[in-house]
Structures are given as C-alpha cells and as structure tokens.
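# Tertiary structure, described
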Amino acid sequence: MVDERPPLDIEGTSIRIDSLDAWNEHPIPDIKSVRKSEESTMLNPCLCGSGRPFDDCCGPHLSARTIAPTAEALMRSRYSAFATGQADYLLATWHPTTRPATLTLEPGLRWLGLKILSTEAGGATDQEGWVTFVARSKLQGRAQRLQERSRFVREHGRWFYLDGELG
Ligand SMILES: [Zn+2]
C-alpha cells in the first residue's frame, strides 16, 4: 500500500522534518511517529521485494501475528523466512504430507531477490493456488537462480506449501 496522505499541516504550516536536530526543535509526537514509519519504509523494505515495509508485509506472518491470506503472500513470507534463516516458519507452513522432518538452511547462502512471475488461483477463498517465481541467491560467490512453480493448498483457513516443479 502506498501511503498517499497529504503532507502534514501543523498550525497552518507544512512542516518537513529532515534531521534529528529538527526533532529536538520540534518535538511533536504525531509527526515523529509518521516520520518513523516513513523511515522504516525506506530503510526496512520487505525482503520479498513487494515494495512495502517488512513490518507491513512478511514481518507479521513470520512472527505469527497474522497468517498469510493468499498463496502469493505465503510464498513471499517463505522467501523472507529463507532470507532470514527462519527454518521453523518454513516447516510450519509446509504441508504435513510433504514436509521434511528437519530443515537445515545453508549458512553461507545469501538470498538476493524474489520475483513473482505469475499466480494462478490462490486467493483468500481458493483451496489451491500456484505461484511461479524466480529467486536469486549467492553461495560462496556463485550466483544461483531458482525458478519454480510452487503449489499451495489452503486447509482450515491456512495456506501451506505443498510442492513445486522447477521451471
Ligand atoms: Zn514481504
């Protein structure tokens, strides 16, 4: 979601705060919190490449505050889990019929980006969905590119990763 609120208007004057010094001169709590969220958008964009802040995208799913409402959202959050080494989340969102007993993430693997190529079904009321994506990573200086069409199923209101075909 792009925040399209108009510039803040305090006592008839538009105030733009550009530095911490400015905070000290104008300690207005409301503005400060707005500014903070703008900073988190800029400094902490979600790893999944959605363009949204992490805290407003995959973050709440990874911390189990919310569940991914669509197959694509689950796909993105699983990518972010790979990128942040959260094997527990990967296992929890893996369908029990195909889930490995344990999951060891390659410690030297760096995830560089995710691109969703297409989605089929996988909406909030669907039972099944597919997400085709490219994930780029680097291991010991060697770039890797994974393209997969992942299959997801929704059971008891939760999406799970079932399996995928490499493409
Ligand atoms: Zn995300």
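Our structure's up above, just so we're on the same page.
Quick look at the structure, then. No experiment lies behind these values; they were computed from the predicted model shown.

### Some thoughts on the overall build of the chain
When you go through the chain residue by residue, the secondary structure sums to five helices and six strands. Of the regular secondary structure in the chain, the N- to C-terminal order runs β-β-α-α-α-α-α-β-β-β-β. Taking all 167 residues of the chain together, the buried fraction comes to 24%. In the chain, 40% of the contacts between residues at least 6 apart in sequence involve partners at least 24 apart.

### Quick look at the sheet that holds strand β6 (residues 158–166)
Strand order in this open sheet of four strands is β3-β4-β5-β6, and the pairing throughout is antiparallel. In this open sheet, the two strands that pair with only one neighbour each are β3 (109–121) and β6. Taking the axes of each pair of neighbouring strands and ignoring which way they run, one obtains an average angle of 30° across the sheet. Taken together, the twelve bridges between strand β4 (residues 128–139) and strand β5 (residues 142–155) define a ladder with antiparallel strand orientation. Counted as the bridge partner of T132 is R149 from β5. Packed on one face of the sheet, helix α4 (residues 71–84) meets β3, β4, β5 and β6 and runs near 170° to β3.

About the cut-offs
- Residues numbered from 1 in each chain as written.
- Predicted model: local features only at pLDDT ≥ 70, side-chain atom pairs only at ≥ 80, totals over all residues.
- Helix = DSSP H or I, 4+ residues; strand = E, 2+ residues; numbered from the N terminus.
- Buried ≥ 20, exposed ≤ 12 C-beta atoms within 10 Å, placed from the backbone.
- Contact = placed C-beta atoms within 7 Å.
- Pairing = 2+ DSSP bridges.
- Axes fitted to C-alpha atoms, helices over the stretch in contact; angles between N-to-C directions.

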